[in-house]
Amino acid sequence: MRKKKRMFSRGVMFVLCLVFAVLFLLPTVLTITNSFMSESEIKANYGMIFSTTGGGFVSKHVNLKFIPDRVTLSQYISGLIKSPNYLIKYWNSILLVAPIVVFQVAIASVAAYSFTRWRGKIRDGIFFFYVILMLMPYQVTLVPNFLVSQWLGIINTPWSIILPGIFAPFSVFLLTKFMRRIPYSLIEAAKVDGANEWQIFTRICLPECRSALYSIAILVFIDYWNMVEQPLILLKDADAQPLSVFLSNINSGEIGLAFAMATVYMIPSLLLFLHGEEYLVEGIANQGSVKG
Amino acid sequence: MTDRQKEKRISRLRDYAASLCFLSPSLLGVGVFFILPFGVVVYYSMIDGVGSRNFVFLDNFTRLLGNSAFLLAARNTLLFSALAVPLAVVLSLLLALMLEARIPGKSTFRTFFLSPMMVPVASVVLIWQVLFSYNGSVNEWVMSLGGGRIDWLQTDYNIYVVVLLFLWKNLGYFMILFMAGLANIPRELLEVADVEGASETYKFFAIKLRYLSPTVLFVMILSLINSFKVFREVYLLTGDYPLGRLYMLQHFMNNTFRSFDYQKLSAAAVIMAIVMVVLIALLFKIEDWFGKDVEG
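What counts, and at which threshold
Residues numbered from 1 in each chain as written. Chains lettered and ligands numbered in written order. Predicted model: local features only at pLDDT ≥ 70, side-chain atom pairs only at ≥ 80, totals over all residues. Helix = DSSP H or I, 4+ residues; strand = E, 2+ residues; numbered from the N terminus. Rg over C-alpha atoms; globule rule 2.2 N^0.38 Å. Buried ≥ 20, exposed ≤ 12 C-beta atoms within 10 Å, placed from the backbone. Contact = placed C-beta atoms within 7 Å. Domains from an automatic or database assignment. Nonpolar A, V, L, I, M, F, W, Y, C, P; charged D, E, K, R; others polar. Core = buried A, V, L, I, M, F, W, Y, C linked by C-beta atoms within 7 Å. Axes fitted to C-alpha atoms, helices over the stretch in contact; angles between N-to-C directions. Parallel < 35°, antiparallel > 145°, perpendicular 65-115°, else oblique. pLDDT = per-residue confidence, 0-100. Expected span 1.5 Å × (residues − 1). Bend = angle between axes of the 7 residues up to and from the residue.

Caption draft 1: Fine view of the overall build of chain B. Counting its regular elements, chain B contains twelve helices and zero strands. In chain B, the succession of α and β elements from N to C terminus is α-α-α-α-α-α-α-α-α-α-α-α. A compact globule built from 296 residues would reach a C-alpha radius of gyration of about 19 Å, whereas chain B, at 25 Å, exceeds it by more than 25%. Dimensions along the principal axes, computed over C-alpha positions, put chain B at roughly 85 × 65 × 30 Å. Within chain B, buried positions represent 44% of all 296 residues. Of the contacts formed within chain B by residues at least 6 apart in sequence, a portion of 74% connects residues at least 24 apart.

Caption draft 2: Main features of the overall build of chain A. Across its full length, chain A carries 14 helices and zero strands. Ordered by position from N to C terminus, the α and β elements of chain A give α-α-α-α-α-α-α-α-α-α-α-α-α-α. Over its C-alpha trace chain A gives a radius of gyration of 24 Å, far above what one expects of a compact globule, namely 19 Å for 292 residues. When the backbone C-alpha atoms are referred to their principal axes, chain A occupies close to 80 × 75 × 35 Å. Looking at chain A as a whole, 44% of its 292 residues qualify as buried.

Caption draft 3: Geometry of the environment of Leu219 of chain A. Along the chain, the position of Leu219 of chain A falls in helix 11 (residues 210–225). On a C-alpha basis, the gap between Leu219 of chain A and Phe170 of chain A in space is 9.6 Å, while along the polypeptide they are 49 residues apart.

Caption draft 4: Here's a closer look at the interface of chain A and chain B. Facing 77 residues of chain A, the contacting portion of chain B comprises 77 residues. Listed by contribution, the elements that provide at least two residues to the side of chain A that touches chain B are helix 1 (2–34), helix 4 (85–117), helix 5 (121–135), helix 6 (138–152), helix 7 (159–166), helix 11, helix 12 (229–234) and helix 14 (255–285) of chain A.

Caption draft 5: Examining the domain arrangement of chain A more closely. Residues and elements named next belong to chain A. One can read the domain layout of chain A as domain 1 (2–81) and domain 2 (83–285). Domain 1 and domain 2 are separated by 32 Å when their C-alpha centres are compared. Contact with domain 1, which involves 17 residues of that partner, is made by twelve residues of domain 2. Of all the elements in the fold, those that place two or more residues in the side of domain 1 that touches domain 2 are helix 1, helix 2 (39–46) and helix 3 (74–82). Here the element with the most residues in the side of domain 1 that touches domain 2 is helix 3; it accounts for five residues. Taken together, the residues of the side of domain 1 that touches domain 2 break down into seven nonpolar, nine polar and one charged.

Caption draft 6: Seen up close, the environment of Asp240 of chain B. Counting through the fold element by element, Asp240 of chain B comes out in the loop between helix 10 (231–238) and helix 11 (249–258). It is 9.9 Å that separates the C-alpha atoms of Asp240 of chain B and Phe252 of chain B, two residues lying twelve residues apart in sequence.

Caption draft 7: Spotlight on the nonpolar core. Of all hydrophobic cores here, the largest spans 169 residues; its most connected members are Leu175 of chain A together with Ala268 of chain B. A total of 15 residues in this core trace back to one element, the largest contributor, which is helix 7 (residues 158–183) of chain B. Setting aside anything within four residues of it in sequence, one finds Ala268 of chain B in contact with Gln139 of chain A together with Leu64, Phe70, Phe252 and Met253 of chain B.

Caption draft 8: Here's a closer look at the packing of helix 6 of chain A against helix 1 (residues 3–44) of chain B. Contact geometry of helix 6 of chain A with helix 1 of chain B gives a least axis separation of 8 Å together with a crossing angle of 100 degrees. Here helix 6 of chain A is positioned roughly perpendicular relative to helix 1 of chain B, judged by the angle of their axes. Along the contact surface, helix 6 of chain A presents Thr141, Val143, Pro144, Asn145, Leu147 and Val148 of chain A, while helix 1 of chain B presents Val32, Phe33, Phe34, Pro37, Phe38, Val40 and Val41 of chain B. Here the contact of helix 6 of chain A with helix 1 of chain B is built from residues that sort into eleven nonpolar, two polar and no charged.

Caption draft 9: Examining the confidence of the model for chain B more closely. Residue and element names in this part refer to chain B. Put simply, chain B has an average pLDDT of 87, and 97% of its residues get 70 or more. For chain B, the element scoring lowest by mean pLDDT is helix 6 (residues 137–144), at 85; helix 3 (residues 68–100) scores highest, at 94. The ipTM, which scores confidence in the relative placement of chains, is 0.88 for this predicted complex, and the corresponding pTM is 0.90.

Caption draft 10: How the structure looks around helix 7 of chain B. Residues and elements named next belong to chain B. For helix 7, spanning 26 residues, the distance from its first C-alpha to its last is 37 Å, which sits close to the expected 38 Å at 1.5 Å a residue. Of all the bends in helix 7, the greatest, near 45 degrees, is centred on Asn170. Among the 26 residues that make up helix 7, 20 are buried, leaving the element largely enclosed by the rest of the structure.

Take a look at the structure:
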C-alpha cells in the first residue's frame, strides 16, 4: 500500500519535472532554432510584433515556431561576415570579460590564502566586511566606481569596468570557503619540511583548489558576460559597448539577425556550462551560507 | 619581559606581516575602488554641492524622500522583491525536493533547470517579447481559450512578466543550494523518523526545514540582491523608460547619472546601503532564532 503510494507520488513528480524542464528550455531552444530562419520567414511569423519595413507576406497571427521551414545560415553570414559591427561588439565583450576573470581569480586566491592561513578578530572582521560588500547591489557600488573612474581619468574606457571588476570581493569569499576546508595537517607538514608561505600557497593550496578555481572562473565569467548596468553608466561611447548591451539596440527590422547574434553570444557560456557543469554545481553548492 | 614573551610577540608580528602581504593586493583595490569612494559618497550626500561644499547634514535625504521618481522607483523595486523573493525560495525548494525524490533522469533535469543561468538575458529577451507582446503568443493562447487580450508589457502586468523572467533565470541556481543543504541533513535522523512512522509532512517541517534554515537564509539574501539587479532584465525587455510598474531604482540612478546630480545620487546610494545592511542583519537575527537548536 505504502509502496504503491510512493510510486504514484514519484510519477507525479516526474511529470511535474518534465513540465518544468520544457518551460526552462523553451526560450533558449527557440532562440537557437529561430536563428536558422530566413528573413522572410521571420517576417511572416513575427511581423505582427516587430514592425518591419518592406514588402513580403506577414501572417495575421504570431507563429511561435520550433523548426524553420528551410534551414539557412543567411543570418549568420550577414551578421558575422558582411558587416563588422557585431564582431567589434563581440570583441569588446571579450576584452572586458577576459581580464576580469583572470585577475579577479588571481588576486582573490592570494587574499583567500591570507584569510585561510591567519585568523583573528581583526582579520575575520575584514572578511565579514568583504561579505557585506559582496552583497551590495549596483545602486550602491556604481556611484563610487563612477567617482573613482573620473578621478583616475578612465571614465568611458574599458578600464572603468575592468579595474573594479578585478577587485570585486565575490571570488575572495567563495575561494576562502574552499581553502578553509583544506586539512590543516597538510599545511603543517609542509611547514615542518621547511616550506615558506609562498611555497605552501603555490604547491599545496592552489593545487588543492583547482576545481574550485575553475568553478569560480565560470561563475565570474557568466556574471560579467551578462553585464548591462556597468557599461550603461561607465561607457558612454556606443562603439565601446559589449554585445550584451548592444543586442537590445538591434533595429526591429533585423529580428532574424538578432536571433542569430543572440545565439552566437550564448555559445561561449553554453560550452563552458556543458564542460564544467559538475564544477559549477560544486562551486554553487559550497557557498552554503554567508556565515563562517 | 621574558624571552618567551618576546618570541611570542615577534612571531605574532611576523604573522601579521605575512597575512598583510597576501591580502594587500586585494585590500588595496577594494580600498581604492570601493571603500574610499564610498566615504566620499557619504560626504557628498551631506553637502549642498560639489562646488560650494556647505554641510547640510540630512537635507539631501529629505529632498530625496520627497522626490516622486525616487519613491516610485523604491516602491516598484520593493514590490518586485516582495513578489519575487518568496516565490524564488518556495519554488526552488520544491524543485530540489522533487529531484531528491529519486525520480529517473535526475541529473538531466538538473542540467535543464540550471541551464538558464548560463544564457545571457540579452540573448533570450526576444523570445519573451514574442511571447508577451500585445500581438504575441500568450495573448493568442488566451484568446483561443476565450479570454481577452492583455497588454502584458505596457501595463501594470509587466511586473509579473519580469518576475517570471527572474524566476526562469535564478531558480536553478537556488535549487542547487537547496540540494546541497538537503544532502547535509543527517541520514540517521530521517531513518529514525521513518521507523517511528513519521509522515512526509512531519519529516519536512520538523527535520528538513530546520536543517535547511541557513540555506533558506542564504537563498533569501541572494534572491533579494538579485531582485535589486532586475533592472537588467527590465532594461533589455522594455528600454530606458518603462511603463507600468517597471520603473526601478536602477532606472532612477541611470537617469540621475545623466543629470550629474551627485547629491541626489549619493544620498540614494547611502540609503540603499543602509537598507541592505539592515535587511541582512534582520535576516541573520531571524536565522539565529530559527536555527539555533541544530547548530553544531
